[in-house]
Amino acid sequence: MYTVADINKRKATLADEVDDAELVVQVASGNRRAFNRVLSRHLNAILSFSMRYVRQRSDAEDIAQETFTRLWLHAKRLKAKPHSLRSWLYRVAYNLCMDWYRKDKYDSLDDADGAFACEETPETYAMNSTEQAMIHSAVGTLPERQRTALWLCAYHGLTNKEAAEIIGTSIHALESILARARRTLRQTMNEQQLNRSSEYDETG
Amino acid sequence: MKPADQERAEAILHAYGGNPDRWPANERTAVLERIKKSGQLLSLQHNARSLDNLIAKDAGETSMSAPETEVIAARINNSLPAQQDAMGALFTFFQQFMHRQPRFVQAGIGIAFLVLVMVIILPTNNRPTGHPTGQAAFEQWVWEDITGQSLTPNDYIAELTFMDLVDLEVDEG
């Protein structure tokens, strides 16, 4: 004998089992419920990814909105291609973030590297003493491609194939980009820890 | 499975870190096998894990709460435009294509389109089709308006008898 709760649970499980490719087909035929399911699966990740670039929540929301509107409009074209929905969404969001920088904010992304690092204000000074702030600042100083590759693979858990597709490179090149990023991070963290310990020695 | 070679295992640890879940799925078992046999790789994995732990502290920084995400999802839903049909999509594609081209290419495509219209499309309107042309339709309308008859001048003359023609000649004479 099944209870209503059992049936609802089973329904939810079945809904989760519908894969992204099937959802894209349904979205292409104008199915709003399928579109909502795509939103519930991927919106948070796309928002989080966009916020890493633009740092302003409202801008990240605009980028996410544009990304999903493009999915709604171009789902018919997308269903004919073998790319995964997730990497397609990330790629669109990534391109929009790049456009956002190039058009409105900075002449070059690498000139803007400092913008990703934490600003040293009295309020943030205390926070900067934590390891979290140090790693955040260190990631912010990486060149754009290294930072994006790290965000995609280490933060968002994308596969190497998906990440390589998004930043438009080969898997082999992606691996060397990631290795360089991790090596730079390790060096920066070591230097920051050394600086902090020498500051502590001077003041203490 | 055959263990990965030392170089490849090192490359994977340097690129993807110490967590096997982050490694390429098709190489995971082979790399784990190699690490079991090498103290140097084990130490490399340990160091990579310590960096992974630091990175993980920054990874969750920008995620939003479920209610916040729902509000944004509702906003996206409410502002969705109508989906395009095939012609609309083709038109949008053409617009985007033209937008990406340099000015001289845009001008060239525009001129080619005009030539196409003049050479192929316009002459087809002047080909004899068996239907009345604009001029003939106008004459028909004038004829009907004056005489109140739907017959064309030619049809009318064809219906006249020999005696009617004699009468016409007499009247004109």
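Residue numbering note: each chain is counted from 1, following its sequence as written. To label them, take the chains in the order written and letter them from A, then take the ligands in the order written and number them from 1. With pLDDT at 70 or above as the cut-off, local features in this predicted model cover only qualifying residues; side-chain atom pairs require 80 or more to be listed or tallied, and sums for whole chains, interfaces and linings still use all residues.

Describe the overall build of chain B, with residues and values.
Only runs of H or I of at least four residues qualify as helices and only runs of E of at least two qualify as strands under DSSP, and these elements are numbered from the N terminus. For chain B, the helix and strand inventory stands at nine helices and zero strands. Each helix and strand of chain B, placed in order from N terminus to C terminus, yields the pattern α-α-α-α-α-α-α-α-α. Buried residues are those with 20 or more other C-beta atoms within 10 Å of their own C-beta, exposed residues have 12 or fewer, and partly exposed residues lie in between; C-beta atoms are placed from the backbone. Classification of the 173 residues of chain B by burial places 11% in the buried group. Residue pairs are scored as contacts if the distance between their C-beta atoms, which are placed from the backbone, is within 7 Å. Sequence-distant contacts in chain B: of pairs separated by 6 or more residues, those separated by 24 or more amount to 57%.

How would you explain the packing of helix H8 (residues 131-140) of chain A against helix H3 (residues 39-59) of chain B if you had to name every residue and give the values?
Angles shown run from 0 to 180 degrees and are taken between the N-to-C directions of axes, each axis being a line fitted to C-alpha atoms and, for helices, limited to the stretch in contact. Running from N to C, H8 of chain A and H3 of chain B cross one another at 90°; their axes reach a closest spacing of 8 Å. Looking at the two axes, H8 of chain A sits roughly perpendicular to H3 of chain B. Along the contact surface, H8 of chain A presents Glu131, Gln132, Ile135, His136 and Val139 of chain A, while H3 of chain B presents Leu54, Ile55, Lys57 and Asp58 of chain B. Its residues placed into classes, the contact of H8 of chain A with H3 of chain B shows four nonpolar, two polar and three charged. By definition in this entry, angles of less than 35 degrees are roughly parallel, angles greater than 145 are roughly antiparallel, angles of 65 to 115 are roughly perpendicular, and the rest are oblique. Amino acids are sorted into nonpolar (Ala, Val, Leu, Ile, Met, Phe, Trp, Tyr, Cys and Pro), charged (Asp, Glu, Lys and Arg) and polar (every other residue, Gly among them).

Describe the nonpolar core, with residues and values.
In globular proteins that are soluble, nonpolar side chains generally tend to be buried together. Counting 67 residues, the largest nonpolar core has Ala64, Ala93, Ala149, Leu150, Cys153 and Leu178 of chain A as the members making the most contacts within it. Tallying contributions element by element places helix H3 (residues 32-54) of chain A first for this core, with 11 residues. Once residues lying within four places of it in the same chain are set aside, the contact partners of alanine 64 of chain A are Leu43, Ile46, Leu47, Ser50 and Ala93 of chain A together with Ile72 of chain B. Throughout this description, the term nonpolar core refers to a group of buried Ala, Val, Leu, Ile, Met, Phe, Trp, Tyr and Cys residues whose C-beta atoms join them within 7 Å.

Tell me what's going on with the environment of isoleucine 171 of chain A, and back it up with residues and numbers.
All names here are of chain A. Residue placement: isoleucine 171 occurs in helix H11 (residues 171-203). Classification of isoleucine 171 as partly exposed rests on a count of 14 C-beta atoms within 10 Å. Sequence separation of isoleucine 171 and asparagine 160 is 11 residues, and the distance between their C-alpha atoms is 6.3 Å. Those residues in contact with isoleucine 171 that sit more than four places away from it in its chain are Asn160, Lys161 and Ala164.

Outline helix H4 (residues 57-78) of chain A, listing residues and values.
A residue's bend is given by the angle between axes fitted to the 7 residues ending at it and the 7 residues starting at it. Within H4 of chain A, the axis deviates most sharply at tryptophan 72 of chain A, by approximately 50°. Buried within H4 of chain A we find Ala60, Glu61, Ile63, Ala64, Thr67, Phe68, Leu71, Trp72 and Ala75 of chain A.

Report on the interface of chain A and chain B, specifying residues and quantitative values.
Counting residues at the interface gives 33 residues for chain A, matched by 28 residues for chain B. Of all elements in the fold, only H3, H4, H8, helix H9 (144-155) and H11 of chain A reach the threshold of two or more residues within the side of chain A that touches chain B. Looking at side-chain class alone, the side of chain A that touches chain B contains 17 nonpolar, nine polar and seven charged residues.

Which residues make up the environment of leucine 32 of chain B, and what are the values?
The topology assignment puts leucine 32 of chain B in helix H2 (residues 28-36). Along the backbone, leucine 32 of chain B and proline 20 of chain B are 12 residues apart, and their C-alpha atoms lie at a distance of 7.9 Å.

Hey, could you go over H9 of chain A for me, with residue numbers and the actual values?
All names here are of chain A. A helix is expected to span 1.5 Å multiplied by its residue count minus one. Taking 1.5 Å per residue, 12 residues should reach 16 Å; H9 reaches 15 Å between its end C-alpha atoms and fits that length. Most of H9 is tucked away, with 10 of its 12 residues classed as buried. Turning to H9, its buried residues number three or more, namely Gln146, Arg147, Thr148, Ala149, Leu150, Trp151, Leu152, Cys153, Ala154 and Tyr155. Looking one or two residues past H9, glycine 157 carries a phi angle of roughly 65°, positive in sign.

A description of the packing of H4 of chain A against helix H4 (residues 66-78) of chain B should follow, citing residues and the corresponding values.
Put simply, H4 of chain A and H4 of chain B touch, their axes get as near as 10 Å, and they point 50° apart. Comparing their axes, H4 of chain B and H4 of chain A come out oblique. Classified by chirality, the crossing of H4 of chain B by H4 of chain A is right-handed. Mapping the contact onto sequence places Glu61, Ala64, Gln65 and Phe68 of chain A in H4 of chain A and Ile72, Arg75 and Ile76 of chain B in H4 of chain B. Of the residues in the contact of H4 of chain A with H4 of chain B, the class split is four nonpolar, one polar and two charged. Whether a crossing is left-handed or right-handed is set by the direction in which the near helix is turned from the far one by less than a right angle, anticlockwise for left-handed and clockwise for right-handed.

Give me the lowdown on the confidence of the model for chain B, citing residues and values where you can.
Residues and elements named next belong to chain B. On a scale of 0 to 100, pLDDT captures the predictor's confidence in every residue. Chain-level statistics for chain B give a pLDDT mean of 80 and a share of 73% at 70 or above. Confidence scores differ between elements of chain B, with helix H9 (residues 162-172) showing the lowest mean pLDDT of 64 and helix H1 (residues 6-16) the highest of 94. As scored by the predictor, the complex reaches a pTM of 0.66 and an ipTM of 0.74.

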